Amino acid sequence: MAKELMTPDYIFEASWEVCNKVGGIYTVLSTRANTLQAKFHDRVLFIGPDFWQGKENPLFIESDNLCAAWKMHAILKDKLSVRVGRWNIPGEPIVILVDFQPFFEKKNEIYTEMWNRYQVDSLHAYGDYDEASMFAYAAGKVVESFYRFNLSESDKVIFHAHEWMTGMGALYLQSAVPEIATIFTTHATSIGRSIAGNDKPLYDYLFAYNGDQMAQELNMQSKHSIEKQTAHYVDCFTTVSEITNNECKELLDKSADVVLMNGFEDDFVPKGATYTGKRKRARALMLRLANCLLGDDLDDDTLIVGTSGRYEFKNKGINVFLESLNRLNRDKNLKKKVLAFVNVPSWVGDPREDLLDRMKKKEKFDTPLECPFITHWLHNMTHDQVLDMLKYLGMGNSKEDQVKVIFVPCYLDGRDGILNKHYYDIIIGEDLSVYPSYYEPWGYTPLESVAFHVPTITTDLAGFGLWVKGLKNQHGIDDGVEVLHRSDYNYSEVADGIKDTISAFSAKNENEIKEIRKRAAKVAEQALWKHFIQYYYEAYDIALRNAMKRLLG
């Protein structure tokens, strides 16, 4: 018989990305909120940094009557600068935004206390470390204030901290309010990401790296220290995939108590005729863009492929994607023309006037614009890794090339000046996506792709890719996801694997493609939050039991 899990009465979740869209953690929190809100109605409170004073934050709906008595107490008695409202996402959970600036004057005392109690070394702090730590500490103070004003020892309370940036909040609460159970999730170890980003081989030598030593070498001591000490001291330590758990074991000297895989909600994936219409419009726009930029008339039979995400050239596998396209261009088995998009925000300047002028006209063009592979000018046109590599490979988007590449170096937020569509309204038009990551703790981009019925190519170094490999009936691109084996040293094989997969896909007929698209969507259905939320309930149980032991101990 399964043991009864302990369930919290209140959950506080702190993250730098609450009402602050930065990266993948925003997706984790904002898509999961609805599932938790349904179970714990308004007893899940998210805490984020208040960057928006005096400015309108479209993600935050402020409310004067939510938690009004406590808010007055927090502001007047506890001297905390807080605003309360709801997060403008499905489920509309309660959010407390805190201004952490006032804590900077106590920074040295806070760091001293963290060193004395938890051996957190803040001596080498620089950059975003101070800002993140002051926010984390402020978040801890907010939870303490709320707890003392509204709750009592009979309430089972969880504080869930995300990433090293909120670790200090969890440690503060362990001594200030020991009744509160703490959970810490690392979404990627700071050292692992840094080793990978610095072109050092991460995986073959993982067993041989010493996290503390590498932190010193890479000038990351403070971030590593707060991450490691939080992992060791909290009531429940978690991470997002088996891959990252291996890193935690080796680099933080601590395995996760539970792996909290990143789920997904597909409530924003259009259905039926809406889906068909959006896909048609996205394809028409991308082909139109290609005609205006390249002066080449690509018909609707063109295979549109794309990659996207953060501009981490090696970690996200952008380099190997470009290499594979170069090889594909010479591949005799390729049955269709290929239009490849690299949708990766760079140091972007203005949208191209010459391109805009063409886009506004109705005519077809038969001459390319100068620099026919980028949609916006960059501030650093001469030092950009994508442009440098295209030049190095000799890819010029000429008429006789079977494979054309377009670099869209901006956030697709609907206001970029050229495409003017949101990210999801663009990827829906792709035939195939490619995310050949070298370092990817989970990997939302390939998961989002299959949710939109777009088959994807990824690697077994992405948490998502590894998870897919464990699914029944998953044998490659014919089932919606091709998972290529990737290691420290097989760059060339991966490039060939992508080339061969795209080439094979180009030979498929309409009915085969329809089936593949259906199967891709089925993979996404298995990653919905309703399946993955269970791991969170296990983490709550572990944290609550360990907190009880800690109190009694």
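Preceding block: the structure.
Note that the structure is predicted; figures quoted are calculated from it, not measured. (Residues numbered from 1 in each chain as written. Predicted model: local features only at pLDDT ≥ 70, side-chain atom pairs only at ≥ 80, totals over all residues. Heavy atoms only, no water.)

We now examine the overall build of the protein chain. Assigned secondary structure in the protein chain consists of 19 helices and 17 strands. In terms of overall dimensions, the protein chain is globule-like: its C-alpha atoms have a radius of gyration of 25 Å, near the 24 Å expected for 553 residues. Along the first, second and third principal axes, the C-alpha set of the protein chain runs to 75 × 50 × 50 Å. The proportion of buried residues among the 553 residues of the protein chain is 61%. For the protein chain, the share of sequence-separated contacts (at least 6 apart) that also reach a separation of at least 24 residues comes to 74%. As displayed, the protein chain has an accessible area near 22800 Å², and 50% of this comes from carbon and sulfur atoms. When the 64 positive and 78 negative side-chain charges of the protein chain are each reduced to one mean point, those points stand 4 Å apart. (Helix = DSSP H or I, 4+ residues; strand = E, 2+ residues; numbered from the N terminus. Rg over C-alpha atoms; globule rule 2.2 N^0.38 Å. Buried < 20%, exposed > 50% of the residue type's maximum accessible area, 1.4 Å probe, protein only. Contact = heavy atoms within 4.5 Å. Areas by Shrake-Rupley, 256 points an atom, 1.4 Å probe, with all protein chains shown as cover. Lys, Arg positive; Asp, Glu negative; His and termini not counted. Charge placed at Lys NZ, Arg CZ, Asp CG, Glu CD.)

Take the packing of aromatic side chains next. Tallied over the entire structure, the rule returns 35 aromatic pairs. Seen in terms of ring centroids, F100 and F135 are 6.2 Å apart; in terms of plane orientation they differ by 65°. Their pairing is edge-to-face. With a gap of 35 residues between them, F100 in the loop between β5 (94-98) and α3 (107-118) and F135 in helix α4 (residues 128-150) connect regions that are remote in the sequence. F135 shares its class with F100; the two are buried. An aromatic cluster of at least three residues, connected via ring pairs, comprises F264, F268, Y423, Y424, Y444 and F452. (Phe/Tyr/Trp six-rings, centres within 6.5 Å; stacked < 30°, edge-to-face > 60°.)

Most of strand β2 (residues 44-49) sits out of view: six of its six residues are buried. As paired strands, strand β1 (residues 10-14) and β2 are joined by four bridges and run parallel to one another. Of the residues in β2, the one forming a bridge with F12 is L45. With respect to chirality, the unit in which β1 leads through helix α1 (residues 24-40) into the neighbouring parallel β2 is right-handed. Relative to β5, β2 runs parallel, the two being bridged by five bridges. Across the sheet, residue L45 finds its bridge partner in β5, namely I94. (Pairing = 2+ DSSP bridges. Right-handed = clockwise from strand over helix to strand, strands pointing away.)

This brings us to the sheet that holds strand β7 (residues 181-186). The sheet built from nine strands is open, its strands ordered β3-β4-β5-β2-β1-β6-β7-β8-β9 with mixed pairing. Only two strands of the sheet have a single neighbouring strand rather than two, namely β3 (60-62) and β9 (258-259). Packing against the sheet, α4 makes contact with β1, β2, β4 (82-87), β5 and β6 (157-162), and its axis sits at approximately 145° to β2. (Axes fitted to C-alpha atoms, helices over the stretch in contact; angles between N-to-C directions.)

Overall, the coordinates contain 35 salt bridges when judged by the stated rule. In this structure, D431 engages R279 in a salt bridge whose closest nitrogen and oxygen atoms are separated by 2.8 Å. Here D431 is found in the loop between α14 (423-427) and β15 (432-435), whereas its partner R279 is found in helix α10 (residues 272-294), with 152 residues between them in sequence. You can call R279 buried: its relative accessible area is 14%. The salt bridge involving D460 is made with K469; its shortest N-O contact spans 3.7 Å. Residue D460 is classed as buried on the basis of its relative accessible area of 10%. Linked by salt bridges that have partners in common, R279, R283, D300 and D431 make up one network. (Salt bridge = Lys/Arg side-chain N within 4 Å of Asp/Glu carboxyl O.)

One open sheet accounts for six strands, arranged β14-β11-β10-β15-β16-β17; its pairing is parallel. Strands with a single pairing partner mark the edges of an open sheet, and in this sheet they are β14 (403-408) and β17 (481-484). Averaged over all pairs of adjacent strands, the angle between strand axes in this sheet comes to 20°, irrespective of strand direction. Across three bridges, the pairing between β15 and strand β16 (residues 456-459) is parallel. What sits directly across from S433, in β16, is T456. Across the sheet, α10 is in contact with β10 (303-308), β11 (338-343) and β14; its angle to β11 comes to roughly 95°.

For the rest of this paragraph, the subject is the packing of helix α5 (residues 167-176) against helix α8 (residues 221-233). Direction vectors running N to C along α5 and α8 enclose 40°, while the axes themselves pass 9 Å from each other. Taken together, the axes of α5 and α8 are oblique relative to one another. Note on packing geometry: the crossing formed by α5 with α8 is left-handed. Residues G167, M168, A170, L171 and Q174 of α5 form the contact with α8, whose own contacting residues are I226, Q229, T230 and Y233. The class makeup of the residues in the contact of α5 with α8 is five nonpolar, four polar and no charged. (Parallel < 35°, antiparallel > 145°, perpendicular 65-115°, else oblique. Left-handed = near helix turned anticlockwise from the far one by under 90°. Nonpolar A, V, L, I, M, F, W, Y, C, P; charged D, E, K, R; others polar.)

Attention now moves to the layout of surface pockets. What the second largest pocket holds in volume is close to 680 Å³. Considering the residues around the second largest pocket, the lining is formed by 19 residues, among which R279, D431, E510, I513 and R517 are closest to the centre. Counting residues per element, the ones that place at least two in the lining of the second largest pocket are α10 and α18 (510-525). Broken down by element, the lining of the second largest pocket gets its largest block of residues, seven residues, from α10. (1 Å grid on protein atoms, 1.4 Å probe; cavity = no way out; pocket = protein on both sides within 12 Å on 5 of 7 lines; lining within 4 Å. Points joined across faces, edges and corners; volume = space filled by probe spheres on them.)

Moving on, we get to the state of the cysteines. By the definition in use, this model includes zero disulfides. With no disulfide of its own, C236 lies 12 Å from the sulfur of C248, the closest cysteine sulfur. Residue classification places C236 among the buried positions, given a relative accessible area of 0%. (Disulfide = S-S within 2.5 Å.)

Below, the discussion takes up the pairing of strand β8 (residues 236-239). The side-chain alternation of β8 yields two buried faces, one formed by C236 and T238 and the other by F237 and T239. Across four bridges, the pairing between β7 and β8 is parallel. Paired with F184 across the two strands is F237, which belongs to β8. What joins β8 to β9 is helix α9 (residues 242-251), and the crossover it makes is right-handed.

Once that is clear, we can look at empty space enclosed by the protein. Tallied over the full model, the rule gives one cavity of 30 Å³ or more. Of the volumes computed, that of the largest cavity is approximately 40 Å³. Lining the largest cavity, in full, are H124, A125, Y126, Y129, N219, M220, Q221, S222 and K223. If one sorts the elements of the lining of the largest cavity by residue count, α8 sits on top with three residues. Here the lining of the largest cavity is built from residues that sort into four nonpolar, four polar and one charged.

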